[in-house]
Amino acid sequence: MRHVLSALVMNQPGVLAHISGMLASRGFNIDSLAVGATENTEFSRMTFVVNGDDRTLDQVRKQLEKIVTVVQVVDFSNKNFVERDLMLIKVSSSGGRRSEIHELVDIFRARIVDVSSDHVMIEISGQERKIEAFIDVMRPFG
């Protein structure tokens, strides 16, 4: 089962390395990780996804709560939350296919954020299945 955990941590150098190292040393795999500042400059928020049963989740939470720099751990798995993925993708636009790429970008409500002579950089956000569908459509372009 997939679990989304959020940890409020002290904003200090090495906290991310400490937490990820602790989880890795105990055999827990982090599927996704995002870290960002909070409105209070003393703290950061780490949001990560781990796979496992309830026993695994309980162990992860207990291990996190033992770390001095971790202030609070919340499991969002049983709560309502909004989940969105963000991806930047570099697509080859050589061979006069830029207009075709542009049409697909519009269909998926993505946006072109950078253009070079033979590539475009595209930003897209949304549910995981939308991102995966966009990758599948862009794959033939390279």
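Above: the structure in question.
Heads up: these notes are all about the structure in this document.

Cut-offs applied
- Residues numbered from 1 in each chain as written.
- Predicted model: local features only at pLDDT ≥ 70, side-chain atom pairs only at ≥ 80, totals over all residues.
- Heavy atoms only, no water.
- Pairing = 2+ DSSP bridges.
- Helix = DSSP H or I, 4+ residues; strand = E, 2+ residues; numbered from the N terminus.
- Axes fitted to C-alpha atoms, helices over the stretch in contact; angles between N-to-C directions.
- Contact = heavy atoms within 4.5 Å.
- Buried < 20%, exposed > 50% of the residue type's maximum accessible area, 1.4 Å probe, protein only.
- Salt bridge = Lys/Arg side-chain N within 4 Å of Asp/Glu carboxyl O.
- Expected span 1.5 Å × (residues − 1).
- Arc of directions from axis to C-beta.

Quick look at the sheet that holds strand S5 (residues 85–92) now. Judged by pairing direction, the sheet is antiparallel, and its three strands sit side by side in the order S5-S7-S6 without closing on themselves. Each edge of the sheet is formed by a strand with only one pairing partner; in this case those strands are S5 and strand S6 (111–115). Strand-to-strand twist across the sheet, computed as the mean angle between neighbouring axes with direction ignored, equals 25°. Pairing of S5 with strand S7 (residues 119–126) involves eight bridges; the strand directions are antiparallel. If you follow Met87 over to S7, its bridge partner there is Ile124. The strands that helix H4 (residues 128–138) touches are S5 and S7; relative to S7, the one it contacts most, it runs at about 155°.

Tracing the chain through its elements places Gly52 in the loop between strand S3 (43–51) and helix H2 (54–66). For Gly52, a relative accessible area of 17% translates into the label buried. Spatially, the C-alpha atoms of Gly52 and Met1 are 5.1 Å apart, while their sequence positions differ by 51 residues. Not counting residues within four places of it along the chain, the set of residues in contact with Gly52 comprises Met1 and His3.

Time to look at the sheet that holds strand S1 (residues 2–10). Pairing is antiparallel across the open sheet formed by four strands, whose spatial order is S2-S3-S1-S4. Only two strands of the sheet have a single partner each, and these edge strands are strand S2 (30–37) and strand S4 (70–75). Within the sheet, the average angular offset between the axes of one strand and its neighbour, ignoring direction, is 15°. As defined by bridge partners, S1 adjoins S4 across five bridges and the pair is classed as antiparallel. Along S4, the bridge assignment pairs Ser6 with Val74.

Time to look at the environment of Lys62. Relative to the elements of secondary structure, Lys62 occurs in helix H2. For the pair formed by Lys62 and Val73, sequence separation is 11 residues and the distance between their alpha carbons is 9.2 Å.

The next subject is the pairing of S1. Across a regular strand the side chains alternate sides, sitting on one face of the sheet and then on the other. With seven of its nine residues buried, S1 lies for the most part within the structure. Judged from the nine bridges that link them, S1 and S3 form a sheet pairing that is antiparallel. When the sheet's bridge partners are listed, Leu8 is paired in S3 with Arg45.

It is worth spelling out the pattern of salt bridges at this point. Tallied over the full model, the rule gives four salt bridges. One salt bridge connects Glu123 with Arg111, and the closest N-O pair in it is separated by 2.9 Å. Taken together, the positions of Glu123 in strand S7 and Arg111 in strand S6 put the pair 12 residues apart, joining distant regions of the chain. Judged by relative accessible area, which is 25%, Glu123 ranks as partly exposed. The partner of Arg139 in a salt bridge is Asp136, with the nearest N and O atoms 3.1 Å apart.

With that out of the way, let us pick up H2. Quick reminder: α-helices carry 3.6 residues per turn. Residues three or four places apart thus point the same way. An ideal rise of 1.5 Å per residue puts 18 Å on 13 residues; H2 measures up with 19 Å between its terminal C-alpha atoms. Within H2, the full set of buried residues consists of Thr56, Leu57, Val60, Gln63 and Leu64. Along the long axis of H2, the arc covered by the buried residues comes to 130°, so they all point the same way. In H2, the exposed residues that point more than 90 degrees away from the buried face are Asp54, Arg55 and Lys66. Next to the buried residues of H2 lie S1, helix H1 (15–25), S3 and S4.

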